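Chains, contacts and geometry: an overview
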Amino acid sequence: MAVPASALKARRVRKPGQTKTWIPYLFVLPNLLIFTTFIVIPMVIGFIYSFHEYDGLNPMEFVGFGNYTEIFANDEFWSALARTALYALIVVPAICCLSLAVAMMLIQPIRCKGLFRSIFYWPTMISYIIVGLTWKWIFGDFGVFNYLMTLLGMEPLHFLSDSFYANVSVIIATIWSRLGFYMVIFMAGLQAIPNDYYEAARLDGASKPRVFLTITLPLLKPTTVLVVMLTLIEAFKAYPLLFALTGGGPGQDTTYIVQYIYETGFAKQELGMASAMSVILFVLISMFTALQFKLSKGGSD
Amino acid sequence: MELKASARTALYLLLFAMAALWLFPVLWIVLSSFKTNNDLYSFPPRFWPEPFTFEHFTAAFEKGNFGRYFINSAIVTVSSTILLLLINSMAGFALAKYQFTGATVLLVGFVSTLMVPLEVIMIPIFKVLSVLGLFNTLLALIIPPAATPTGVFLLRQYLLTVPEELLEAARMDGASEWRIYSRIILPICKPILAVLAIFSFMWRWDDFLWPLIGISDPSLYTIQLALSNFIGEYNVDWGSLLAMSVITMIPVLVVFILFQRQFVSGMVTSGMK
């Protein structure tokens, strides 16, 4: 771990004198103040809300675990959560595999590397709203996609008003917009693998798939864990892109969990209920993260 | 690693095909924004605008109040980025170069907030903004996101490599701690501050959630909020929407072109490790 080592180093050298010990606190203060106000306090408030019935206007009413028991009986909540999980189940492996594949291609000695990297990275710089709009335009009734379908002799589809295709559209747009980011992370990880390993493997006459399975994948594990963790957390937070692409429809067919919480809190004015849902989502995300962490540690030694 | 000629050809074909897929959506949007309304909805769709028209762009500025949103976004992006660079470098400096009670707790505290998705605390954040009187002000979009843990962490790690002797020498000369920060630390941090500035620019310019929570008055909308609000309505004015999207992408494109090396190659060789 880097933290204790650096702490030791700092202890050895520092000597600004005792009268100045308040100075570091002053330097940290602005950040700390904002953190506390906009992250720590909201977390505490959210937790308190989750045990109350509250519409934002009238006084709060303590209901104990009432919100939680109600959520457990709320089918809409669970189906939104299930949809999110299914979306994550497809998007996470797809992004991981594709971005790794592209990263492997782009660390080869080929021409126009920089150009290709830029092309794949570029969509990650576009806001989710515009990504959503872009694909909404392409998948629209008069969009290119339907034109291609008719060219191939198929009936035009109402992509965004059909439950299945709306979800497919969301998945395509997500992969398109996120691939470049994880490609860059994988490239960093791939280039950190010492070349000696590959040299040795080549001398031993190992085949390419074998080299990939026995050298690249194991040594790439820390990077892969990071990517899986980040994509998973991202998948569970998906909202702005969906909002722009499908608006959560048709019906509620692409309403994932964050949008559902947002609507419960702001449109239905059930702040207590929405806070309880947020607590559940937070616990879920933390559990995933902890699990990932544990799995990756267990495998590294 | 050497590649056989056949493998190389296959690799190029695959890369070109994928690159085309990745380029096409943006290209389609950009070209469509120059089409007349007739062309826009014609089926089969035409790839090239015929004739070329700027009517959607002028309409977006005249009718759509787009200039206002653009200015709001610019104010938020620039001020939040400046604030971020200032307070993150201050905190990073303190955490890297001072030994004080609670330093480790603070560092771990900052970094662990990375784990808290904004999405799960948006309702209480809304409440905090209202209580502080920040709701419906641009300050609500400028101040809170400026204290990003990523920035603090990156700067701390960067500053750990700065030799203590440099600071000690300045102290011998009687420099105050603030002077050390502003005259020695800030110039040293330039490269990492540049990277952070780029990130902050992107984050704030593309942000949707903070504006969604913090703003309800249409005259304070940022571009992203304005765009999303357009879609919510029944009659989508695709012409203006496409034009607005295209203009909105330009600043990010400019930043990307200017700092391309730091972005892609830089992240590959150093930044993400």
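All values derive from a computational prediction rather than experimental measurement. (Residues numbered from 1 in each chain as written. Chains lettered and ligands numbered in written order. Predicted model: local features only at pLDDT ≥ 70, side-chain atom pairs only at ≥ 80, totals over all residues. Heavy atoms only, no water.)

**Concerning the overall build of chain A**
Worth spelling out the cut-off: We count a stretch as a helix when DSSP gives it H or I for four or more residues in a row; a strand needs E for two or more, and each element gets its number in order from the N terminus. The globule rule used for comparison is 2.2 Å times the number of residues to the exponent 0.38, while the radius of gyration itself is calculated over C-alpha atoms. For every residue, the accessible area (1.4 Å probe, protein chains only) is compared with the maximum for its type, and the residue is labelled buried under 20%, exposed over 50%, or partly exposed between those bounds. A contact between two residues is defined here by any heavy atoms of the two lying within 4.5 Å. Accessible surface area values rest on a Shrake-Rupley calculation with a 1.4 Å probe, where residue burial reflects the displayed protein chains alone. Only four residue types enter the tally: Lys and Arg on the positive side, Asp and Glu on the negative side, with His and both chain ends excluded. Positions of charges follow a simple convention, taking NZ of Lys, CZ of Arg, CG of Asp or CD of Glu.
When helices and strands are tallied, chain A shows 14 helices and two strands. Against the globule reference of 19 Å for 301 residues, chain A gives a C-alpha radius of gyration of 24 Å, more extended than a compact globule. Dimensions along the principal axes, computed over C-alpha positions, put chain A at roughly 80 × 75 × 35 Å. In chain A, which comprises 301 residues, the share counted as buried stands at 50%. Residue pairs at least 24 apart in sequence account for 69% of intrachain contacts in chain A once pairs closer than 6 positions are excluded. Total accessible area computed for chain A in this model is approximately 14,400 Å², and 68% of it derives from carbon and sulfur atoms. Both charge centroids of chain A, one from 20 positive and one from 17 negative side chains, sit 24 Å from each other.

**Observations concerning the confidence of the model for chain B**
Residues and elements named next belong to chain B. The condition is simple: On a scale of 0 to 100, pLDDT captures the predictor's confidence in every residue.
The predicted model of chain B averages 87 in pLDDT, with 92% of residues at 70 or higher. Considering each helix and strand of chain B separately, the mean pLDDT is smallest for helix H15 (residues 260-271), with a value of 57, and largest for helix H7 (residues 139-142), with 95. Scored as a whole, the predicted complex attains pTM 0.87, and scored at its interfaces, ipTM 0.87.

**Focus on the packing of helix H11 (residues 190-206) of chain B against helix H14 (residues 238-258) of chain B**
When two helices pack together, you describe them by how their axes are tilted relative to each other and by the distance separating the axes. Residues and elements named next belong to chain B. Inclusion rule: Here, axes are lines fitted to C-alpha atoms. For helices the fit covers the stretch in contact, and angles between N-to-C directions go from 0 to 180 degrees. The labels follow the angle: roughly parallel below 35 degrees, roughly antiparallel above 145, roughly perpendicular from 65 to 115, and oblique for the rest. Residues are sorted three ways: Asp, Glu, Lys and Arg are charged, Ala, Val, Leu, Ile, Met, Phe, Trp, Tyr, Cys and Pro are nonpolar, and all the rest, Gly among them, are polar.
Where H11 meets H14, the closest approach of the two axes is 11 Å, and the angle between their N-to-C directions is 170°. Judged by the angle between their axes, H11 and H14 are roughly antiparallel. Note on element contacts: H14 touches H11 through Thr248, Pro251, Val252 and Val255, opposite Ile198, Phe201, Met202, Trp205 and Asp206. Here the residues of the contact of H11 with H14 are counted per class, giving seven nonpolar, one polar and one charged.

**Thoughts on the UniProt feature "domain: ABC transmembrane type-1" (unreviewed entry) in chain A**
Under the convention used in this document: UniProt positions are given in the numbering used here, feature names are shortened, and annotations may be inferred rather than shown by experiment.
UniProt annotation of "domain: ABC transmembrane type-1" (unreviewed entry) refers to residues 81-292 of chain A when read in the numbering used here. The distance from the first to the last C-alpha atom of residues 81-292 of chain A is 20 Å, and the span holds 76% helix and 0% strand.

**Description of the packing of aromatic side chains**
To be explicit about the condition: To pair, rings of Phe, Tyr and Trp, with the six-membered ring standing in for Trp, must have centres within 6.5 Å; the planes then decide the type, stacked if under 30 degrees apart, edge-to-face if over 60, and tilted in the middle.
Per the stated rule, a full pass over the model turns up 47 aromatic pairs over all chains. Geometrically, the ring pair formed by Tyr25(A) and Phe100(B) is edge-to-face, given 4.9 Å between the ring centres and 75° between the ring planes. Of the two residues, Tyr25(A) sits in helix H2 (residues 23-49) while Phe100(B) sits in the loop between helix H4 (66-97) and helix H5 (103-112), which places them in two different chains. Exposure remark for Tyr25(A): the relative accessible area of 37% places this residue in the partly exposed category. Geometrically, the ring pair formed by Phe77(A) and Tyr260(A) is tilted, given 6.5 Å between the ring centres and 55° between the ring planes. A residue pair is termed long-range when its members are at least 10 positions apart, and Phe77(A) in helix H4 (residues 75-106) and Tyr260(A) in helix H13 (residues 257-267) qualify at 183 residues.

**Side note on the confidence of the model for chain A**
All names here are of chain A. Confidence in the prediction of chain A, expressed as mean pLDDT, is 86, and 92% of residues score 70 or more. Ranking the elements of chain A by mean pLDDT puts helix H1 (residues 2-13) last with 45 and H4 first with 95. Confidence drops under a pLDDT of 50 for residues 1-19, and excluding neighbours within four residues, the segment shows 17 contacts in the predicted structure.

**Description of the UniProt feature "transmembrane region" (unreviewed entry) in chain A**
Residue and element names in this part refer to chain A. In the numbering adopted here, UniProt assigns the feature "transmembrane region" (unreviewed entry) to residues 21-51, 85-107, 119-139, 164-190, 211-233 and 271-291. Helix and strand shares over residues 85-107 are 96% and 0% respectively, and the end C-alpha atoms of the span are 33 Å apart. Its end C-alpha atoms 36 Å apart, residues 164-190 is made of 100% helix and 0% strand.

**Examining the interface of chain B and chain A**
Spelled out, the test is: Note on terms: buried area is the combined drop in 1.4 Å-probe accessible area of two parts once they are placed together, counting the loss on both. Criterion for a salt bridge: a side-chain nitrogen of Lys or Arg within 4 Å of a carboxyl oxygen of Asp or Glu. As used in this structure description, the phrase polar contact means that two N or O atoms lie within 3.5 Å; if the pair is within protein, one of them must be able to donate a hydrogen and the other to accept it, and residues adjacent in sequence are counted only when both atoms belong to side chains.
Every contact between the two is made by 96 residues of chain B and, on the other side, 96 residues of chain A. When the two sides are added together, the surface that chain B and chain A hide from each other amounts to roughly 9,300 Å², 80% of it contributed by carbon and sulfur. Where chain B meets chain A, there are one salt bridge. One salt bridge in this structure joins Glu119(B) and Lys237(A), with 3.9 Å as the shortest N-O distance. In this structure, the connection of chain B to chain A is made through 11 residue pairs in polar contact (both at pLDDT 80 or more). Examining the composition of the side of chain B that touches chain A, we find that 17 residues originate from one element, helix H1 (residues 5-32) of chain B, more than from any other. Residue classes in the side of chain B that touches chain A are distributed as 72 nonpolar, 13 polar and 11 charged.

**Observations regarding the nonpolar core**
Filter applied, for reference: Only buried residues count toward a nonpolar core. Its members are Ala, Val, Leu, Ile, Met, Phe, Trp, Tyr and Cys residues joined through side-chain atoms within 4.5 Å.
Of all hydrophobic cores here, the largest spans 180 residues; its most connected members are Leu106(A), Phe120(A) and Phe93(B). For Phe120(A), the residues in contact, after removing those within four places along its chain, are Val102(A), Leu106(A), Leu179(A), Gly180(A), Met183(A), Leu15(B), Met18(B), Ala19(B) and Trp22(B).

**Looking at the packing of H4(B) against H11(B)**
Residue and element names in this part refer to chain B. Stated formally: Crossing handedness is read from the near helix: turned anticlockwise from the far helix by less than a right angle, it gives a left-handed crossing, and turned clockwise, a right-handed one.
In contact at an axis separation of 9 Å, H4 and H11 are set at 145° when each is read in the N-to-C sense. Crossing hand, H4 versus H11: right-handed. Between H4, through Phe70, Ser73, Ala74, Thr77, Ser80, Thr81, Leu84, Leu85 and Ser89, and H11, the contact on the second element is made entirely by Leu193, Leu196, Ala197, Ser200, Phe201, Arg204 and Trp205. Class assignment for the residues of the contact of H4 with H11 results in nine nonpolar, six polar and one charged.

**Thoughts on the pattern of salt bridges**
As enumerated under the stated definition, the model contains seven salt bridges over all chains in all. In the salt-bridge network here, residues are joined through shared partners; they are Glu168(B), Arg171(B) and Glu177(B).

**Re the side chain of Ser80(B)**
Residues and elements named next belong to chain B. Along the chain, serine 80 falls in helix H4. A relative accessible area of 1% places serine 80 in the buried class. Within the structure, the side chain of serine 80 is placed 3.0 Å from the backbone oxygen of isoleucine 142, a separation counted as a polar contact. Contacts of serine 80, omitting those with residues within four sequence positions, involve Leu141, Ile142, Ala146, Ser200 and Arg204.

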